[in-house]
Amino acid sequence: MSEFGELHTYRICLLPGDGIGMEITAEAVKVLEAIALREDVSFAFAEAILGGAAIDETGTALPDATLEVAHAADAVLLGAIGGPKWDTTDPTKPRPEQGLLGLRKALGLYANLRPVRIFDALRDASTLKPEHLQEVDMLIVRELTGGLYFGERAREYGVPGAGGNGAAGQRAYDTMDYQEYEVERIARVAFEAARSRRGRVHSVDKANVLESSRMWREIVHGVHGTGYTDVELIDQLVDNTAMQLIRWPAQFDVIVTENMFGDILSDEASMLTGSLGMLASASLGDGTALYEPSHGSAPDIAGQGVANPLAMLLSVELMLRYSFAMEESADRLGRAIEAVLDEGWRTRDIADESTPDERLVGTAAMGDLVAERL
Ligand code: IPM
Ligand code: MG
């Protein structure tokens, strides 16, 4: 309680989005309410639309009203966006992803942290042999508001010669564009994170080919030399990293990399944990932070109540830690998730032949199990 005997209220903007987003967001609310019951805090929720749901209702993936709610909140919790209904290759049509990218940009969320943590109980769920997962514990620090995602892009029609055999045709391009300060600040995030971990940073680039990578490498080394020489810095080319992640994942502590490289490598790394349904993420900047599972909206299983809510609940853990400084509650949530897995409870995606039928649960039951153990 505060001096006035009032509960401190944290305002959380909920953006369930599309597909399984609604189902997993409900479990996050359930768990937060269970936490509020035993702590001197309360959570106030405001829900808004984003992605495909917003396109259907307003014609745009990121309505102004949604942005206002997000700005006013202490933290944003996002489910997932996208789905086949809104899939289009027509550059003039709105896409759900524009909602997420626009939100990241508008909130200045330049640092995306994706912890890859192996739960003992899930060692056998990984497609890698368990012996390769010994001591795997890494943090992917993905630059989130620059690079290929936000550089200049265009589609041009009627370009002479582009159709082949001298005929006119289409041309399209995207640009990997970085400015010095963007690389500098993400490098700092990575070095700071490494300091509170095992003190090693792999900076991943494609400096043997790309100019933006050569600048990236220079700047990362500059930041390292002026204040972080206690941290070990290793340069690695992105194709090599893709290979090393499944050859010897334990070599990594912190990986820092460009937006698109980080997008690809984090999906790859998620499979070490057994399922993309286990990978949480925190997007941090100078203001309100955003938390979301790294997985997509899984339209194939949406509405069936079978989605794994654990990546969402692990994202809640990150929110408690980074945005609300509720370390103890975050630890307790982490332990509750671990306990549920140790007891053998599984959603479909992390189950295997050895999972007994009575331990196979759906989204809401998994949320209940975690909430009960808080
Ligand atoms: C992610 C997702 C998004 C991204 C998509 C949905 C735009 O894949 O958060 O990794 O590419 O950043
Ligand atoms: Mg991705």
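Placed above this text is the structure.
Residues numbered from 1 in each chain as written. Chains lettered and ligands numbered in written order. Predicted model: local features only at pLDDT ≥ 70, side-chain atom pairs only at ≥ 80, totals over all residues. Heavy atoms only, no water.

A. The arrangement of the nonpolar core in detail. One finds Phe43, Leu77 and Leu320 to be the most contacted residues of the largest nonpolar core, which totals 50 residues. For Leu77, the contacting residues outside a window of four places in its chain are Ile12, Cys13, Leu14, Leu15, Ala28, Leu32, Tyr291, Met312, Val316 and Met319. In terms of nonpolar packing, the next biggest core, distinct from the first, is built from 23 residues, Leu113, Trp216, Leu233 and Val254 among them. (Core = buried A, V, L, I, M, F, W, Y, C linked by side-chain atoms within 4.5 Å. Buried < 20%, exposed > 50% of the residue type's maximum accessible area, 1.4 Å probe, protein only. Contact = heavy atoms within 4.5 Å.)

B. Layout of the site of ligand 1. In the vicinity of ligand 1, the contacting residues are Glu97, Arg104, Arg114, Arg142, Tyr149 and Asp263. Tyr149 is positioned with one of its side-chain polar atoms (N or O) 2.5 Å from an oxygen atom of ligand 1. Residue Asp263 places a side-chain N or O atom 2.9 Å away from an oxygen atom belonging to ligand 1. In the complex, 79% of the free accessible area of ligand 1, which totals 320 Å², lies under the protein chains. Judged by the fraction of its atoms near the pocket grid, ligand 1 is located in the largest pocket. Among the residues forming the shell around ligand 1, the class breakdown is 1 nonpolar, no polar and 5 charged. (Near = heavy atom within 4 Å. Polar contact = N/O pair within 3.5 Å; in protein donor to acceptor, adjacent residues only side chain to side chain. Areas by Shrake-Rupley, 256 points an atom, 1.4 Å probe, with all protein chains shown as cover. 1 Å grid on protein atoms, 1.4 Å probe; cavity = no way out; pocket = protein on both sides within 12 Å on 5 of 7 lines; lining within 4 Å. Sits in = over half its atoms within 2 Å of the grid points. Nonpolar A, V, L, I, M, F, W, Y, C, P; charged D, E, K, R; others polar.)

C. Structural detail: the packing of helix 1 (residues 21-38) against helix 9 (residues 310-322). The geometry of helix 1 relative to helix 9 is characterised by a closest axis approach of 9 Å and an angle of 45° between their N-to-C directions. Relative to helix 9, the element helix 1 lies oblique. Crossing of helix 1 against helix 9: the hand is right-handed. Of the residues in helix 9, those touching helix 1 at Ile24, Thr25, Glu27, Ala28, Val31, Leu32 and Ile35 are Met312, Leu313, Val316, Met319 and Leu320. Taken together, the residues of the contact of helix 1 with helix 9 break down into 10 nonpolar, 1 polar and 1 charged. (Axes fitted to C-alpha atoms, helices over the stretch in contact; angles between N-to-C directions. Helix = DSSP H or I, 4+ residues; strand = E, 2+ residues; numbered from the N terminus. Parallel < 35°, antiparallel > 145°, perpendicular 65-115°, else oblique. Left-handed = near helix turned anticlockwise from the far one by under 90°.)

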